[in-house]
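Descriptive structure summary
Given next are the chains, with one letter for each unit.
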Amino acid sequence: MNLLPKSSREFGSVDYWEKFFQQRGKKAFEWYGTYLELCGVLHKYIKPREKVLVIGCGNSELSEQLYDVGYRDIVNIDISEVVIKQMKECNATRRPQMSFLKMDMTQMEFPDASFQVVLDKGTLDAVLTDEEEKTLQQVDRMLAEVGRVLQVGGRYLCISLAQAHILKKAVGHFSREGWMVRVHQVANSQDQVLEAEPQFSLPVFAFIMTKFRPVPGSALQIFELCAQEQRKPVRLESAERLAEAVQERQQYAWLCSQLRRKARLGSVSLDLCDGDTGEPRYTLHVVDSPTVKPSRDNHFAIFIIPQGRETEWLFGMDEGRKQLAASAGFRRLITVALHRGQQYESMDHIQAELSARVMELAPAGMPTQQQVPFLSVGGDIGVRTVQHQDCSPLSGDYVIEDVQGDDKRYFRRLIFLSNRNVVQSEARLLKDVSHKAQKKRKKDRKKQRPADAEDLPAAPGQSIDKSYLCCEHHKAMIAGLALLRNPELLLARPCYDVIMFDVDSKDPTLGMSCPPPAFVEQSFLQKVKSILTPEGVFILNLVCRDLGLKDSVLAGLKAVFPLLYVRRIEGEVNEILFCQLHPEQKLATPELLETAQALERTLRKPGRGWDDTYVLSDMLKTVKIV
């Protein structure tokens with residue numbers, strides 16, 4: 001039996017609804033959820049002794065169930081004579097104080113200010129099927145009548161899918177009238193709406209429009225959003241921002257439904273924000289591992305990235321996260337990065353905060369009562385201490401912070417917040433070995449359990465460990481110094497044996513983030529050539545994702561520097577270019593290349609730096625670093 005209309009416009013037709021209820025009979029039809037699914041929001045905004053008008057009641061059991069829990073003063077109206085007759089017959093004996101009336105909600109027969117609540121479950125959505133003039137005029141009459149029959153302080157409570165054109169119309173109408181506008185997401189509605197229809201994934205919202213007494217000349221408008229997990233509503237600055245916030249909730253609900261229905265969706269990331277401030281608190285990446293064979297206990301896990309380590313390749317890059325997920329052995333792994341500027345008490349607190357939310361991202365086929373493990377490195381949330389933050393006229397907002405690495409050593413980092421997952425500069429800090437620090441460490445050890453005492457990290461000092469290179473591409477660049485054949489031969493003019501470029505671009509629209517295009521233009525490269533000794537080396541850090549642009553850069557470099565070596569950094573986009581002037585002299589002999597490789601291997605050894613391997617002050621007389 002087909003009960004759906006041929007066109008959405010038929011939802012506004014009396015004939016359609018008469019036929020609909022004749023075919024359906026007395027079986028209840030519930031738009032957007034049952035009483036049990038909506039009672040939380042209904043009880044929040046309707047008091048038992050208030051007089052309630054239900055418009056477009058249909059044969060829903062919602063009014064009956066409200067009546068049965070103490071809401072006795074309820075009037076129901078509908079345009080269908082068939083359904084009103086059915087509902088009168090069903091409720092005449094059991095619910096004598098509740099009335100059902102055949103009435104057009106655009107021309108209601110009640111006196112002004114007759115009700116304290118007007119309840120609408122899906123009726124506005126059914127009427128506002130398009131934005132044609134005739135439809136909009138009908139909706140204007142409906143909303144005007146709602147306003148007329150409500151008392152000052154009364155509420156229009158509309159259950160809706162909050163599609164963009166419906167939200168725009170309802171919010172626009174009542175905000176112009178000076179009413180307070182609140183949109184409340186119905187708790188867990190994305191799991192409850194029309195479960196029999198798997199393609200239906202929009203969440204359900206309640207519009208709560210509160211009638212205020214008109215104030216002549218007042219332009220005050222109040223817009224609020226109350227999300228399902230928030231204890232209190234958030235005030236928003238405009239109707240546009242409210243619409244954006246609702247759309248974000250709808251997109252999240254759609255994403256959750258897709259993740260529940262499909263085993264794999266590719267790369268998916270999202271931010272979870274603080275309910276009170278709206279600031280991002282967690283960044284989640286959903287990683288599926290198609291090679292992992294499903295078993296009873298390996299469906300799903302959450303991995304908490306310690307603070308400050310989100311920039312590491314294993315956690316900060318797609319390929320790294322895939323490797324992490326495969327090694328963890330779960331079909332779906334969600335990595336969770338903790339945001340700077342947010343306070344986190346402990347791993348247990350984070351787990352409690354995330355438990356309900358991350359379950360919405362579980363894979364298809366996971367058992368309902370499955371326990372989901374929370375994983376991490378070392379079992380703690382890491383350490384991040386902001387030392388300084390400011391705004392640069394060239395690079396925008398930036399922060400300098402100390403973070404703890406996986407070896408319990410501390411690192412100082414410069415982060416430009418326009419690209420917060422990229423470490424701009426990094427240096428390892430020396431341990432604080434002062435008498436005061438040692439005394440504090442002994443005191444802290446006593447507070448720890450004996451098994452943990454030796455693991456207590458030493459406090460960081462403020463001095464930089466100059467023997468340590470943090471970045472892999474810096475190690476490759478320094479290794480290029482071994483290509484110098486006769487660095488002690490100097491010319492009279494102001495030339496350099498080595499020139500290094502490691503400069504990032506501030507333009508995110510380019511396919512090359514290092515260096516800026518001006519640094520590889522022919523005129524500029526010719527200037528570099530003019531100050532480089534004949535046997536010198538020009539070393540350049542290149543980060544370019546645009547293959548066509550990279551080919552162009554390499555061709556331009558070879559036009560000036562005929563001898564060009566490329567050193568690719570494993571797991572990174574960086575490529576180190578070693579450029580020299582005279583290929584016919586074969587300056588980079590196999591012996592020199594082998595020396596450079598040996599130097600780079602030495603630099604990669606934990607705890608070793610370049611100054612205790614080679615005495616470079618003897619190798620280099622003049623070095624230019626940009």
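Read on for an overview of the structure. (Residues numbered from 1 in each chain as written. Predicted model: local features only at pLDDT ≥ 70, side-chain atom pairs only at ≥ 80, totals over all residues. Heavy atoms only, no water.)

1. A few points about the sheet that holds strand β3 (residues 99–102)
The strands that make up a sheet are held in pairs by hydrogen bonds between backbone atoms, and each pair lies either parallel or antiparallel. Let me state the cut-off plainly: Being paired, for any two strands, means DSSP has found at least two bridges between them. Helix and strand assignments follow DSSP, with helices taken as H or I runs no shorter than four residues and strands as E runs no shorter than two, numbered in order from the N terminus. Interaxial angles span 0 to 180 degrees and are taken between N-to-C directions of axes, which are lines fitted to C-alpha atoms, for helices over the stretch in contact. Here a residue-residue contact requires only that any non-hydrogen atoms of the pair lie within 4.5 Å.
Pairing within the open sheet is mixed, and its 9 strands lie in the order β3-β2-β1-β4-β5-β7-β6-β8-β9. Looking along the sheet, the strands with just one partner apiece sit at the ends: β3 and β9 (234–236). On average, each strand axis in the sheet is tilted by 20° relative to the strand beside it, whichever way the strands run. Sheet strands in contact with helix α7 (residues 164–176) are β5 (150–160), β6 (180–185), β7 (205–210) and β8 (222–226), and its direction is about 15° off that of β7. Running at roughly 15° to β8, helix α9 (residues 239–261) makes contact with β6, β7, β8 and β9 of the sheet.

2. Section: the environment of R213
We count it as follows: Relative accessibility under 20% of the residue-type maximum defines a buried residue, over 50% an exposed one, and the middle range a partly exposed one, all with a 1.4 Å probe and only protein chains included.
With respect to the helices, strands and loops of the structure, R213 is situated in the loop between β7 and β8. R213 sits in the exposed class, given a relative accessible area of 60%. Counting along the chain gives 36 residues from R213 to E177, while the straight-line C-alpha distance between them is 9.5 Å.

3. Regarding the sheet that holds strand β11 (residues 280–288)
Taken together, the 5 strands give an open sheet; going across it, the order is β10-β11-β13-β12-β14, and neighbouring strands pair in mixed fashion. Among the strands making up the open sheet, the edge pair consists of β10 (268–273) and β14 (374–376). Across the sheet, the axes of successive neighbouring strands diverge by a mean angle of 25°, strand direction being ignored. Examined bridge by bridge, β11 and strand β13 (residues 332–338) share 7 bridges and lie antiparallel to one another. Each bridged residue has a counterpart across the sheet, and for T283 the counterpart in β13 is A337. Against the sheet, helix α12 (residues 347–358) touches β10, β11, β12 (300–305), β13 and β14, its axis set at about 65° to β11.

4. What about the pairing of strand β15 (residues 384–392)?
Residues in a regular strand point their side chains to alternate faces of the sheet. Where β15 meets strand β16 (residues 396–404), 8 bridges bridge the pair, whose relative direction is antiparallel. Bridging across to β16, V386 finds its partner in E401. Linking β15 back to β16 in an antiparallel pair, the connection comprises 3 residues.

5. So, the packing of helix α16 (residues 522–530) against helix α17 (residues 547–560)
The axes of two packed helices give the description: the angle between them and the distance between them. Filter applied, for reference: For classification, angles of less than 35 degrees are called roughly parallel, those exceeding 145 degrees roughly antiparallel, those between 65 and 115 degrees roughly perpendicular, and all remaining angles oblique. A clockwise turn of the near helix away from the far one marks a right-handed crossing, whereas an anticlockwise turn of less than a right angle marks a left-handed crossing.
For the pair α16 and α17, interaxial distance at closest approach is 10 Å and the crossing angle is 40°. Taken together, the axis directions place α16 and α17 in an arrangement best described as oblique. Note that α16 runs across α17; the crossing there is right-handed. Across the interface between the two elements, Q522, L525, Q526 and K529 from α16 touch G556, L557, A559 and V560 from α17.

6. Section: the pattern of salt bridges
Where we set the bar: For this analysis, a salt bridge means a side-chain nitrogen from Lys or Arg found within 4 Å of a carboxyl oxygen belonging to Asp or Glu.
Under the counting rule described, the total for this entry stands at 25 salt bridges. A salt bridge links R281 to E353; the shortest N-O distance between them is 3.1 Å. In this pair, R281 is assigned in strand β11 and E353 in helix α12, connecting sequence segments 72 residues apart. For R281, a relative accessible area of 7% puts it in the buried group. Among the residues examined, E353 registers a relative accessible area of 37% and is labelled partly exposed. Two residues, E319 and K322, come together in a salt bridge whose shortest N-O distance is 3.7 Å.

7. With respect to the packing of aromatic side chains
So the rule is basically this: A pair of Phe, Tyr and Trp rings is counted when the ring centres sit within 6.5 Å of each other, with Trp represented by its six-membered ring. The angle between the planes then sorts it: under 30 degrees is stacked, over 60 is edge-to-face, the rest tilted. Lysine NZ or arginine CZ positioned within 6 Å of the ring centre and within 35 degrees of the ring normal marks a charge as sitting over the ring.
Evaluation of the coordinates by the stated rule reveals 11 aromatic pairs. Joined through ring pairs, the aromatic side chains of F501, F519, F524, F538 and F561 make up one cluster. Sitting over the ring of F115, K51 keeps its end group 5.3 Å from the ring centre.

8. A look at the environment of Y565
With respect to the helices, strands and loops of the structure, Y565 is situated in strand β23 (residues 563–568). A relative accessible area of 22% means that Y565 is categorised as partly exposed. Residues Y565 and I539, spaced 26 residues apart in sequence, show a C-alpha to C-alpha distance of 9.6 Å.

9. Digging into helix α6 (residues 133–149)
For an α-helix, the turn length of 3.6 residues means that residues three or four places apart are oriented alike. Condition: For a helix, the expected span equals 1.5 Å multiplied by the residue count minus one.
Helix length check: α6, at 17 residues, gives a terminal C-alpha distance of 25 Å against a target of 24 Å (1.5 Å per residue), a fit within 8%. All of the buried residues along α6 are T135, L136, V139, M142, L143, E145, V146, G147 and V149. Check the buried side of α6 and you find it contacts β1 (52–55), β4 (115–121), α5 (123–127), β5 and α7.

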